[in-house]
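Here is how the chains run, residue by residue.
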Amino acid sequence: MELGLVGLGKMGGNMRERIRRAGHTVIGYDRNADVADVHSLEELVGKLSAPRVVWVMVPAGEPTQSTVDQLAELLEPGDVVVDGGNSRWTDDEKHAEQLAARGIGFVDCGVSGGVWGLENGYALMYGGDAENVAKVQPVFDALKPEGDFGSVHAGKVGAGHFAKMVHNGIEYAMMQAYAEGWELLEKVDSVENVREVFRSWQEGTVIRSWLLDLAVNALDDDEHLDGLRGYAQDSGEGRWTVEAAIDNAVPLPAITASLFARFSSRQEDSPQMKMIAALRNQFGGHAVEKK
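What counts as what
- Residues numbered from 1 in each chain as written.
- Predicted model: local features only at pLDDT ≥ 70, side-chain atom pairs only at ≥ 80, totals over all residues.
- Heavy atoms only, no water.
- Buried < 20%, exposed > 50% of the residue type's maximum accessible area, 1.4 Å probe, protein only.
- Helix = DSSP H or I, 4+ residues; strand = E, 2+ residues; numbered from the N terminus.
- Pairing = 2+ DSSP bridges.
- Right-handed = clockwise from strand over helix to strand, strands pointing away.
- Expected span 1.5 Å × (residues − 1).
- Arc of directions from axis to C-beta.
- Contact = heavy atoms within 4.5 Å.
- Axes fitted to C-alpha atoms, helices over the stretch in contact; angles between N-to-C directions.

**A word on the pairing of strand S6 (residues 123-127)**
Then step 1. Summarising burial for S6: four of the five residues are buried, a large majority.
Then step 2. As paired strands, strand S5 (residues 105-112) and S6 are joined by five bridges and run antiparallel to one another. Its bridge partner being in S6, aspartate 108 is matched across the sheet by glycine 127.
Then step 3. Of the strand pairs in this sheet, S6 and strand S7 (residues 151-155) are connected by four bridges, and their pairing is parallel. Residue tyrosine 126 lies in a different strand from S7, and its bridge partner there is histidine 153.
Then step 4. In this view, the connection linking S6 to its parallel neighbour S7 by way of helix H6 (residues 130-143) has right-handed handedness.

Next up, the structure:
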């Protein structure tokens, strides 16, 4: 089949290659002319045969909204837009309604796989009407990992990005657990080879995972992570997961704590810890450290 792909960054560029390897035609557009096959959305749409499928792989928020706005003007009834970025599920509902007014279908798709997806395949979670999903199915089949799993029609519009959001929330908590365990192992004198302890967990333990494998890779590159600053950004999906938990009265203590831990990484000198230290000094006479 033919696919128009908008956004050829780290994910989009590799996805284009994997889809092409499966025998499909991909026409890619990116603001970076060096990687683009065409030089405008108009040219991209013009090269596709109807019914067209255009996959949007750009940052969430205004970049996605602007792209959807332009495609709404360019596409025709029966065409389908797929949002494969990290959009919030509530935006999916608005985009579906906006495009439906012009007879254009919409599918949202959470994509996981990162820089490893080209060779390993991408885990896909998509939402939308069955009719629209069917038009994209050959591309889903090309992108997914080999085997029976790794791809799911999660439900109606918004379900794909909601599922990916929860996936990322779980990822936050898992990474935080590995990070806390690593710090504790590094802290004690009796454990002299923390990296090899992590490596030993890769086989036969209940905590083995791909994230653990990646942790070992990182420790192989820099055994004590001395070259890194203790700062971790959040993509926004951790926040959305916690907000959704509040809206639905679902307790998420581990995921919430892992999100707040990332916030603490951005403070060179935590104001909260100043107050904690002051209070401990006041009620218990505990020592404080002066600047």
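Resuming the write-up.
**Section: the environment of alanine 215**
Then step 1. Looking at the element boundaries, alanine 215 is found in helix H9 (residues 210-221).
Then step 2. For alanine 215, a relative accessible area of 19% puts it in the buried group.
Then step 3. The sequence separation of alanine 215 and alanine 179 amounts to 36 residues, and the corresponding C-alpha distance is 9.0 Å.

**Concerning helix H4 (residues 89-100)**
Then step 1. The end-to-end C-alpha separation of H4 is 17 Å, in line with the 16 Å expected for 12 residues at 1.5 Å each.
Then step 2. For H4, the full list of buried residues reads Trp89, Asp91, Asp92, His95, Ala96 and Leu99. Within H4, the buried residues cover an arc of 140° as seen down the axis, which keeps them to one side.
Then step 3. On its buried face, H4 is in contact with helix H3 (62-74), strand S4 (80-83), S5, helix H7 (159-187) and helix H10 (237-247).

**Comments concerning the environment of valine 80**
Then step 1. Along the chain, valine 80 falls in strand S4.
Then step 2. Counting along the chain gives 80 residues from valine 80 to glycine 160, while the straight-line C-alpha distance between them is 16 Å.
Then step 3. Contacts of valine 80, omitting those with residues within four sequence positions, involve Arg52, Val53, Val54, Ile104, Gly105, Phe106, Val107, Asn132, Lys135 and Val136.

**Describing the sheet that holds S7**
Then step 1. In spatial order, the strands read S2-S1-S3-S4-S5-S6-S7; together these seven strands make up an open sheet with mixed pairing. The open sheet terminates on both sides in strands that have one partner only, identified here as strand S2 (25-29) and S7. Pairs of neighbouring strands in the sheet enclose a mean axial angle of 25°, with direction left out of account.
Then step 2. The pairing of strand S3 (residues 53-56) with S4 spans four bridges and is parallel. Residue pairing for S4: tryptophan 55 is matched across the bridge by valine 82.
Then step 3. Its contacts with the sheet place H7 against S4, S5, S6 and S7, and it is angled at close to 15° to S5.

**Concerning the side chain of threonine 64**
Then step 1. Mapping threonine 64 onto the fold places it in helix H3.
Then step 2. Look past the residues within four positions of threonine 64 in its chain and what remains in contact with it is Val58, Pro59, Asp83, Ser87 and His95.

**Comments concerning the environment of leucine 3**
Then step 1. As for its position among the elements, leucine 3 is in strand S1 (residues 2-6).
Then step 2. Distance from leucine 3 to histidine 24, taken between C-alpha atoms, is 7.7 Å for residues 21 residues apart in sequence.
Then step 3. Discounting residues that sit within four places of it in the chain, leucine 3 has contacts with Ile19, Thr25, Val26, Ile27, Leu48, Val53, Trp55 and Val139.

**Points about unusual backbone geometry**
Most peptide bonds adopt trans geometry, and most residues besides glycine take a negative phi value.
Then step 1. A cis amide bond links alanine 50 to the next residue, proline 51, at an omega of -5°.
Then step 2. By the element assignment, proline 51 lies in the loop between helix H2 (41-47) and S3.
Then step 3. Of note, the phi angle at leucine 225 is positive, near 55°, even though the residue is not glycine.
Then step 4. Locating leucine 225 in the fold gives a position in the loop between H9 and H10.
Then step 5. The exposure class assigned to leucine 225 is partly exposed, which follows from its relative accessible area of 24%.

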